[in-house]
Amino acid sequence: MAGMKIDDSGLVAAVQANRGGYALVELGPDETAALQKLLTAASHFFGSAPDVKGKAKGTSKFGYKASAVKERVQFRLPGCPRGAVAKAMLSDVSLEEAAAVAPPNKADFGEFQTDLVEGALLLRRLAARAIATLLQGTGLNVDAVLEACAAESSSSPSVSVLNIYKYFNGDGGHGEPDARNCPEHTDPGFVSVLAKGTADGLQIATGRPYDVACCTGLTAFHGADGADPSIEVGPAAESLEWVTIEPMMQPNQIVVLVGESLRRLTGGALPACLHRVVQNEARQERMNAIYELRPSVNIFQDWAAMSETAAKAPPCLELTSS
């Protein structure tokens, strides 16, 4: 799949192709350099001493976490108040403004924090622009959809999240190459924006429509245990065709994935991207940055008919354009 700009009208056709729910998007030189800076800073952080990383543990939902398979940094910007979300997300933010952001993460990232803020702001803006493009011609009010991402209060963090992963891809008790570092799932948010991984590993399912009926273990959007509320699917996923994405990408490209919320919001016109992360044959370490733009309302209501009647919409949304 060829790359395109984030505001290219062909973005809709790209995510609908083979019901894959994804598109490759080209960035400009400055955006490409900013993402590379973020991944370089993350690599230095992951390579730092245990006591340094220990200061960044934060809470169950924020900060640094490690397992036998991977390390992860999870970072959330301060939430945008209602009425200002669309403008904040779609506007360029200067480095001076980024440096002034004080994220409510309750974790000490040290010098890495500035890079996290800048990276999260860039990826959030790209995600918002992707939504604006994908909803053109749908009759849905883009500003209202972005307003659904508003924080619950002015002091609350955003529910949208930047995750940076480092997969070890060693033996680690994890089995053979192509073993799952992350099982098949769709993301619960509107869209996810991913930098190109530093090694192969991201696989996307194509070939037939994704059937929500094959989902297992649907969870509430705000899990009490702080678990990532992505939707895992059952054995039906094995019958799909899986495509490894990194070999298709150029260094200046990102991947836009449609999430479950946007699938439901558009009545399935935009398919959610079913994806997973596997070990690569070379057992190379793999690092990637993902920003997921999530609504602060419960996505597990019947959103399929929301474009037809306001009765199905959360109170904060006026979905149709005037």
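In the block above lies the structure referred to throughout.
Everything numeric in this text was worked out from a predicted model, so none of it was measured.

Turning our eyes to something else, we now look at the pattern of salt bridges. When the charged atoms of two side chains with opposite charge come close together, those side chains can pair. In total, this model carries 9 salt bridges according to the counting rule given. With a closest N to O distance of 3.4 Å, Lys37 and Glu118 form a salt bridge. Here Lys37, found in helix H2 (residues 29-46), pairs with Glu118, found in helix H6 (residues 112-134); they are 81 residues apart in sequence, far enough to count as distant. On the accessibility criterion, Lys37 (45% relative accessible area) is partly exposed. A salt bridge links Glu260 to Arg263; the nearest nitrogen and oxygen atoms lie 2.7 Å apart. Taken as a pair, Glu260 and Arg263 lie in helix H8 (residues 260-265) at a separation of 3 residues, close to a single helical turn. The two residues Glu260 and Arg263 agree in class, both being buried. The network of salt bridges with common partners includes Lys37, Asp115 and Glu118.

Next up on the list: the packing of aromatic side chains. Per the counting criterion, the structure on display carries 7 aromatic pairs. Ring plane angle 75° and centroid distance 5.9 Å describe the contact between Phe45 and Tyr64, whose orientation is recorded as edge-to-face. Here Tyr64 lies in strand S2 (residues 63-66) and Phe45 lies in helix H2, a separation of 19 residues in the sequence. Here the aromatic rings of Phe45 and Phe112 are separated by 5.1 Å at their centres, their planes lie at 25°, and the arrangement is stacked. One end of the pair, Phe45, is in helix H2; the other, Phe112, is in helix H6, with 67 residues separating them in the sequence. Under the relative-accessibility criterion, Phe45 is labelled buried at 6%. Following the ring pairs from residue to residue traces out a cluster consisting of Phe45, Phe46, Tyr64, Phe75, Phe109 and Phe112. Over the aromatic face of Trp242 sits the side chain of Arg276, whose NZ or CZ is 3.9 Å from the ring centroid.

What counts and what doesn't
- Residues numbered from 1 in each chain as written.
- Predicted model: local features only at pLDDT ≥ 70, side-chain atom pairs only at ≥ 80, totals over all residues.
- Heavy atoms only, no water.
- Salt bridge = Lys/Arg side-chain N within 4 Å of Asp/Glu carboxyl O.
- Helix = DSSP H or I, 4+ residues; strand = E, 2+ residues; numbered from the N terminus.
- Buried < 20%, exposed > 50% of the residue type's maximum accessible area, 1.4 Å probe, protein only.
- Phe/Tyr/Trp six-rings, centres within 6.5 Å; stacked < 30°, edge-to-face > 60°.
- Lys NZ or Arg CZ within 6 Å of the ring centre and 35° of its normal.

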